[in-house]
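Spelled out from the first residue to the last, the chains are:
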Amino acid sequence: MSEKTKHSGPPTPVHSKARMDPPRFQRNQAAMAELVTTVRNEEEMIRQGGGEKASETQHKKGRLTARERIALLIDPGTDLFELGSYAAWRMYEEWGGAPAAGVVTGLARMHGRMVMLIVNDATVKAGAFFPMTAKKVIRAQNIAIENHIPTIYLVDSAGVFLPLQEDVFPDTDDFGRVFRNNAVMSAMGIPQIAAIMGMCVAGGAYLPLMCDHILMTDGSGLFLAGPALVQAAIGAKYSAEELGGAKMHAQISGSVDYREPNDESCIARIRSLVEKMGNRQLGVFDRKTPAEPLYPAEEIYGIFDDDPARQYDMKEIIVRIVDGSRFDEYRSEYGETVLCGFARIGGFAVGIVANQKLHVQQVDHSGNKRMEFGGVVYTESAEKAARFIMDCNQNLVPLIFLHDVNGFMVGRDAEWSGIIRAGAKMVNAVSNSVVPKITVIVGGSFGAGHYAMCGKAYDPRFVFAWPTAKYAVMSGASAAGTLVEIKIKQLERGGKKLSEEQKKKLYDEVKATYDEQMDPRYGAARLWIDRIIDPAETREAIITALEAASLNPDVPKFSVGVLQT
């Protein structure tokens, strides 16, 4: 940013591409495009579910696949905003894998209304619940609870994947929590519709019965125990239809509200029910008519640089996301390594907290000049961010966090300046924030910086990540150097001395493992990240998240408790 634009209110930024070295811009652009293409190709493979043969088996039963059902269910011309597509990525390989954890979840539009979809994929191990399946369903339910989103379940599951039952059954984020959430959502007045479109057995049978509307297709089964288990348990022999078919539940047990002949009819009925739902009060967050940014989002590819040795201006990312490229920067000349300011995204008023990656010269309280490194949180920037977060809560402004953070500053000067106290203020403000928080990890998200910038443990409504995201306690090089040094000292105490070649091999092995764990796909596989997004689609992802958050009008009273001053 030039000095002229820096102090003249909402800025009209300089065009980054003109300022940046063209070869560097092109190199960054090519690298990002390659990463985005890799993610898109992998997601396309994930969408194949259990594969062509499993899909053919589903069709032979007269049933559609999960994604075919979704395509019919949602409004024509719209797409599913899928969440958790990388869940269980490269996990359970000894069992043949579980693409997308065997369940498709995401936000969609039905008759213009936003809904959460939770759809079992019967092409993946007959829709059985792996440990990550339960966690993915619970994550989708938690998003629905936080944002008051009507939820639709398309049930087609064989139940718990028995070889891994110990990791699916007993804990607070395991299978039983799904039904607890059904009850809580019902008590909160969040509409839930369940359609049984295949098997629904054992404990899983409770899910549809705890929803507002229950539909069931002919040929499906709903029972606590299937025919084989009943025969083994009590010696009685029944057909699946007699024991728990759609006709029996519609005519005898009275357990289902609508019996439908096939998938298409069932989906049409769900759409008809959703079309008649009433509307509760919407959220209290300010929204005006949106305005497009002044600069193309695709330029983000060339502006962003994930090389920690190189700088880039985070403001140039922000002005390609916000309405009209207008950003009211808060305390623009103080604590400059964290950017704070007000803007609109999709018409919604938001507060933005972002890590600045430019190095800046700062004058300390003694009048001495020092260089502050981009991506590092200093005492002044932490205190500024804490105050800004509190202001947003005071004024009911949702918060957007853009991560590219190395962590908090260390060393004698930092400690003397009260860096721990300042960091505690920021963490306190984030922890007690009551307005919606949306986190986007664009680059590094390391250590306590991850916490202060509203990491997963601090209840962001959504966590998005670019393919360039890195997610760990510290960088791979730093971690490998530390761990190898410890290992060398342990070996030397035991009388063994490593050669330089052995030290390098050990370092490379440790770093490779650590780098793999920093990959955003590793985090997405474990549901630390809700969705890996194309950087050029950051604005659209944030707008979708804000539209979801606006469905919940309830904002608790804001209080931070004791603040270290």
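Bear in mind the structure is a predicted one, so any value in this text is a computation, not a measurement.

## A look at the overall build of the protein
Then, number 1: Secondary structure summary: the protein contains 22 helices and 20 strands in total.
Then, number 2: Scaling as 2.2 N^0.38, a compact globule of 565 residues should have a C-alpha radius of gyration of about 24 Å, and the protein matches this with 26 Å.
Then, number 3: In terms of overall dimensions, the protein has a C-alpha envelope of 85 × 70 × 50 Å along the principal axes.
Then, number 4: When the 565 residues of the protein are sorted by exposure, 54% land in the buried category.
Then, number 5: Once local pairs closer than 6 in sequence are excluded, the contacts in the protein between residues at least 24 apart make up 74%.
Then, number 6: When the accessible area of the protein is evaluated, it comes to approximately 25,000 Å², of which 53% is carbon and sulfur surface.
Then, number 7: Put simply, the protein has 64 plus and 69 minus side-chain charges, and the middle of one group is 2 Å from the middle of the other.

## As for empty space enclosed by the protein
Then, number 1: The full count for this structure, using the stated rule, is two cavities of 30 Å³ or more.
Then, number 2: In this structure, the largest cavity spans a volume of roughly 140 Å³.
Then, number 3: Along the walls of the largest cavity sit 16 residues, with Asn120, Phe129, Val155, Ser157 and Leu207 positioned nearest its centre.
Then, number 4: Mapped by element, the contributors of at least two residues to the lining of the largest cavity are strand E3 (113-120), strand E4 (151-157), helix H7 (175-188) and strand E5 (192-201).
Then, number 5: No other element matches the four residues that E4 contributes to the lining of the largest cavity.
Then, number 6: The residue inventory of the lining of the largest cavity, partitioned by class, reads 12 nonpolar, four polar and no charged.
Then, number 7: Size it by volume and the second largest cavity reaches roughly 50 Å³.

## Describing a nonpolar patch on the surface
Then, number 1: Together, Tyr206, Leu209, Met210 and Leu224 line one region of the surface with nonpolar side chains, adding up to about 370 Å² of accessible area.
Then, number 2: Inspection of the secondary structure assignment puts methionine 210 in the loop between helix H8 (206-209) and strand E6 (213-217).
Then, number 3: Given the relative accessible area of 30%, methionine 210 is considered partly exposed.

## Side note on helix H12 (residues 263-275)
Then, number 1: Look at H12: 18 Å from first C-alpha to last across 13 residues, which is about the 18 Å you get at 1.5 Å a residue.
Then, number 2: Of the residues making up H12, those classed as buried are Asp263, Cys266, Ile267, Ile270, Arg271, Leu273 and Val274. Down the axis of H12, the smallest arc covering the buried residues is 160°, so these residues share one side.
Then, number 3: The N-capping residue of H12, defined by a side-chain oxygen 3.3 Å from the backbone nitrogen of glutamate 264, is asparagine 262.

## Here we look at unusual backbone geometry
Then, number 1: A positive phi angle, near 45°, is found at arginine 331, a position not held by glycine.
Then, number 2: Considering the arrangement of structural elements, one finds arginine 331 in the loop between strand E9 (328-329) and strand E10 (338-345).
Then, number 3: Its relative accessible area of 37% is what places arginine 331 among the partly exposed residues.
Then, number 4: Of note, the phi angle at cysteine 454 is positive, near 70°, even though the residue is not glycine.
Then, number 5: Position of cysteine 454 among the secondary structure elements: in the loop between helix H18 (447-452) and strand E18 (462-465).

## Focus on the packing of helix H5 (residues 66-73) against H12
Then, number 1: Relative to each other, H5 and H12 sit at 40°, their axes nearing to 9 Å. Classified by the angle between their axes, H5 and H12 sit oblique to one another. In this structure, H5 meets H12 at a crossing whose hand is right-handed. Each of Arg69, Leu72 and Leu73 in H5 lies in contact with H12, whose residues at this interface are Asp263, Glu264, Ile267, Ile270 and Arg271.

## Observations concerning helix H19 (residues 476-493)
Then, number 1: Relative to the 26 Å expected for 18 residues at 1.5 Å per residue, H19 spans 26 Å between its end C-alpha atoms, a close match to the ideal helical length.
Then, number 2: Along H19, the positions that sit buried rather than exposed are Gly476, Ala479, Ala480, Val484 and Ile488. The buried side chains of H19 occupy one side of the element, clustering within an arc of 160° when seen end-on.
Then, number 3: Taken together, the buried residues of H19 touch helix H20 (500-518).

## Comments concerning the pairing of E10
Then, number 1: With six of eight residues buried, E10 is to be regarded as a mostly interior element.
Then, number 2: The pairing of E9 with E10 spans two bridges and is classified as antiparallel. Bridge pairing links glutamate 329 to glycine 341 in E10.
Then, number 3: Where E10 lies against strand E11 (residues 348-355), eight bridges are found, and the strand directions are antiparallel. Within the sheet, the bridge partner assigned to glycine 341 lies in E11 and is isoleucine 352.
Then, number 4: Remark: two residues form the turn of the hairpin made by E10 and E11, two consecutive strands paired antiparallel; glycine 346 in that turn has positive phi of roughly 60°.

## As for the packing of helix H15 (residues 379-394) against helix H17 (residues 419-432)
Then, number 1: Running from amino to carboxyl end, H15 crosses H17 at an angle of 20°, the nearest separation of the two axes being 8 Å. Viewed along their axes, H15 and H17 adopt a mutual orientation that is roughly parallel. Between H15 and H17 lies a crossing whose hand is left-handed. Taken together, the residues of H17 that come into contact with H15 (itself represented by Thr379, Ala382, Glu383, Ala385, Ala386, Ile389 and Met390) are Ile419, Ala422, Gly423, Lys425, Met426, Ala429 and Val430.
Then, number 2: Classifying every residue of the contact of H15 with H17 by side-chain character gives 10 nonpolar, two polar and two charged.

## Details of the confidence of the model for the protein
When pLDDT is low, close inspection of the predicted coordinates is not appropriate.
Then, number 1: Here the protein shows a mean pLDDT of 91. Residues at 70 or above account for 96%.
Then, number 2: Low pLDDT, under 50, characterises residues 1-9; the stretch is placed with 12 contacts to residues that sit more than four places away or in other chains.

## Some thoughts on the pattern of salt bridges
Then, number 1: The full count for this structure, using the stated rule, is 37 salt bridges.
Then, number 2: Of the charged contacts in the structure, one is a salt bridge between aspartate 534 and arginine 40, with a shortest N-O distance of 2.6 Å. With aspartate 534 in the loop between strand E20 (531-532) and helix H22 (538-549) and arginine 40 in helix H3 (residues 22-46), this residue pair connects regions lying 494 residues apart in the sequence.
Then, number 3: With a shortest N-O distance of 3.3 Å, arginine 412 and aspartate 413 are connected by a salt bridge.
Then, number 4: For arginine 412, a relative accessible area of 53% puts it in the exposed group.

## Focus on the state of the cysteines
Then, number 1: For the coordinates displayed, the defined rule picks out zero disulfides.
Then, number 2: Its sulfur unpaired, cysteine 211 is 9.8 Å from the next cysteine sulfur, which belongs to cysteine 200.
Then, number 3: Cysteine 340 carries a free sulfur, and the closest cysteine sulfur to it, the one in cysteine 392, is 8.2 Å from it.
Then, number 4: A relative accessible area of 0% places cysteine 340 in the buried class.

## Some words on the environment of glutamine 165
Then, number 1: Within the fold, glutamine 165 resides in the loop between E4 and H7.
Then, number 2: In this structure glutamine 165 comes out as partly exposed when scored by relative accessible area, which is 37%.
Then, number 3: C-alpha separation for the pair glutamine 165 and lysine 505, spaced 340 residues apart in sequence, amounts to 39 Å.
Then, number 4: The contact partners of glutamine 165, leaving out residues within four places of it in the chain, are Val160 and Pro170.

Scoring rules and cut-offs
Residues numbered from 1 in each chain as written. Predicted model: local features only at pLDDT ≥ 70, side-chain atom pairs only at ≥ 80, totals over all residues. Heavy atoms only, no water. Helix = DSSP H or I, 4+ residues; strand = E, 2+ residues; numbered from the N terminus. Rg over C-alpha atoms; globule rule 2.2 N^0.38 Å. Buried < 20%, exposed > 50% of the residue type's maximum accessible area, 1.4 Å probe, protein only. Contact = heavy atoms within 4.5 Å. Areas by Shrake-Rupley, 256 points an atom, 1.4 Å probe, with all protein chains shown as cover. Lys, Arg positive; Asp, Glu negative; His and termini not counted. Charge placed at Lys NZ, Arg CZ, Asp CG, Glu CD. 1 Å grid on protein atoms, 1.4 Å probe; cavity = no way out; pocket = protein on both sides within 12 Å on 5 of 7 lines; lining within 4 Å. Points joined across faces, edges and corners; volume = space filled by probe spheres on them. Nonpolar A, V, L, I, M, F, W, Y, C, P; charged D, E, K, R; others polar. Patch = residues over 30% accessible without salt bridge, like charges linked within 9 Å, V, L, I, M, F, W, Y side chains within 5 Å. Salt bridge = Lys/Arg side-chain N within 4 Å of Asp/Glu carboxyl O. Expected span 1.5 Å × (residues − 1). Arc of directions from axis to C-beta. Polar contact = N/O pair within 3.5 Å; in protein donor to acceptor, adjacent residues only side chain to side chain. Axes fitted to C-alpha atoms, helices over the stretch in contact; angles between N-to-C directions. Parallel < 35°, antiparallel > 145°, perpendicular 65-115°, else oblique. Left-handed = near helix turned anticlockwise from the far one by under 90°. Pairing = 2+ DSSP bridges. pLDDT = per-residue confidence, 0-100. Disulfide = S-S within 2.5 Å.

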